[in-house]
Amino acid sequence: MPSSKDNILENARRLFADHGFKGTTIAQIAKTSNVTDAAIYRHYRSKQDVFDTIIAKFIERHSILLGRIHERQKSGYCLLETLVMDHCSFVQENMTDMRVIFSTYTTIPSARAAIDRMHDNVVATVMACLERGISDGSVRDDIDKHETATIIAILLMGLNRRRIYSPDSPELARGVVAFCQRSLRS
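For the structure given in this document, a descriptive report is provided here. The structure presented is a predicted model; accordingly, all values stated were derived computationally and were not measured.

Regarding the overall build of the protein
(1) Moving on: A tally of regular secondary structure across the protein gives nine helices and zero strands.
(2) Moving on: Shown N-terminal to C-terminal, the secondary structure of the protein runs as helices and strands in the order α-α-α-α-α-α-α-α-α.
(3) Moving on: Judged by the C-alpha coordinates and their principal axes, the protein covers about 60 × 30 × 30 Å.
(4) Moving on: Taken across its 186 residues, the protein has 45% of its residues classed as buried.
(5) Moving on: A fraction of 71% describes how many contacts in the protein between residues 6 or more apart in sequence connect residues 24 or more apart.
(6) Moving on: Looking at the protein as shown, the accessible area adds up to about 9600 Å², and 51% of this sits on carbon and sulfur atoms.
(7) Moving on: Computing the positive centroid from 25 side-chain charges and the negative centroid from 22, the protein places the two 5 Å apart.

Below is the structure:
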């Protein structure tokens, strides 16, 4: 059974995803969590603190995913393919968190910072894949690594945003992998 603190976060996550930050109140979070408003304030200073905790936990899980990709002993191109597929799976498993972040990133600085950090972390991971691929011969050596990493990160973030807001759209992760293969393989 989850602790009351975890229960509060889980219910707040769903409420933020469904109603947005501004459309969610501490009273709603308390009611869906079967606790009092005071119980929430024992764990968190404010609604913003609840929100920031949700975002921080999500970013931590995302960083762990990218770290695991770095640790794998594959060719650079295979790591890039792994990154695309694993990132799409991660987004699917964390759809509620992604909806919270994407629905608030223009209005809440911590959500914007989370998107920026995710983007920067993906760019850094793609850069590492490209560098490994260039050194092992699985990726062409005539590319601008930073520009290519940025383009792939934007493509991946856009793909996942589309999956969140258009769940009936076709699955394009394999298409992104094929595009990268045509563009980058040596």
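Text resumes after the structure shown.
As for the nonpolar core
(1) Moving on: Residues Phe16 and Leu80 are the most contacted members of the largest nonpolar core, which totals 60 residues.
(2) Moving on: Looking at this core, the elements that each hand over two or more residues are helix H1 (4–19), helix H2 (26–33), helix H4 (47–71), helix H5 (76–93), helix H6 (95–104), helix H7 (109–136), helix H8 (145–165) and helix H9 (173–184).
(3) Moving on: Per-element tally for this core: the top contributor is H7, with 10 residues.

Some details on the packing of aromatic side chains
Both the distance between ring centres and the angle between the ring planes are used here to describe each pair of aromatic rings.
(1) Moving on: Applying the stated rule across the entire model yields five aromatic pairs.
(2) Moving on: Both rings, one in Phe21 and one in Phe51, keep their centres 5.3 Å apart while their planes meet at 75°; by these two values the pair is edge-to-face. A residue pair is termed long-range when its members are at least 10 positions apart, and Phe21 in the loop between H1 and H2 and Phe51 in helix H4 qualify at 30 residues.
(3) Moving on: By relative accessible area, which is 12% here, Phe21 ends up buried.
(4) Moving on: Put simply, the rings of Phe16, Phe21 and Phe51 touch in pairs and so form one group of aromatic residues.
(5) Moving on: If you follow Lys47 out to its NZ or CZ, it ends over the ring of Phe21, 4.3 Å from the centre.

Re H8
(1) Moving on: Between the first and last C-alpha of H8 there are 30 Å, a value that for 21 residues agrees with the 30 Å anticipated at 1.5 Å per step.
(2) Moving on: Along H8, the residues classified as buried are Thr148, Ala149, Thr150, Ile152, Ala153, Leu156, Met157, Leu159, Asn160, Arg163 and Ile164.

Some details on H7
Think of an α-helix as turning once every 3.6 residues; residues three or four places apart then point the same way.
(1) Moving on: Here H7 is 28 residues long and its end C-alpha atoms lie 40 Å apart, about the 40 Å a rise of 1.5 Å per residue gives.
(2) Moving on: Every buried residue of H7 is listed here: Ala111, Ala114, Ile115, Met118, Val122, Val123, Thr125, Val126, Met127, Cys129, Leu130 and Gly133.
(3) Moving on: The inward-facing, buried residues of H7 abut H4, H5, H6, H8 and H9.
(4) Moving on: Gly137 sits one or two positions beyond H7 and adopts a positive phi of about 85°.

Some remarks on the packing of H5 against H9
(1) Moving on: Following both chains from N to C, one finds H5 and H9 inclined at 160°, their axes separated by 10 Å at the closest point. Classified by the angle between their axes, H5 and H9 sit roughly antiparallel to one another. Helix-helix and strand crossings are classified by hand; for H5 and H9 the assignment is right-handed. Across from Tyr77, Leu80, Glu81, Val84, Met85 and Cys88 in H5, the residues of H9 making contact are Ala173, Arg174, Val176, Val177, Cys180, Gln181 and Leu184.

Criteria and cut-off values
Residues numbered from 1 in each chain as written. Predicted model: local features only at pLDDT ≥ 70, side-chain atom pairs only at ≥ 80, totals over all residues. Heavy atoms only, no water. Helix = DSSP H or I, 4+ residues; strand = E, 2+ residues; numbered from the N terminus. Buried < 20%, exposed > 50% of the residue type's maximum accessible area, 1.4 Å probe, protein only. Contact = heavy atoms within 4.5 Å. Areas by Shrake-Rupley, 256 points an atom, 1.4 Å probe, with all protein chains shown as cover. Lys, Arg positive; Asp, Glu negative; His and termini not counted. Charge placed at Lys NZ, Arg CZ, Asp CG, Glu CD. Core = buried A, V, L, I, M, F, W, Y, C linked by side-chain atoms within 4.5 Å. Phe/Tyr/Trp six-rings, centres within 6.5 Å; stacked < 30°, edge-to-face > 60°. Lys NZ or Arg CZ within 6 Å of the ring centre and 35° of its normal. Expected span 1.5 Å × (residues − 1). Axes fitted to C-alpha atoms, helices over the stretch in contact; angles between N-to-C directions. Parallel < 35°, antiparallel > 145°, perpendicular 65-115°, else oblique. Left-handed = near helix turned anticlockwise from the far one by under 90°.

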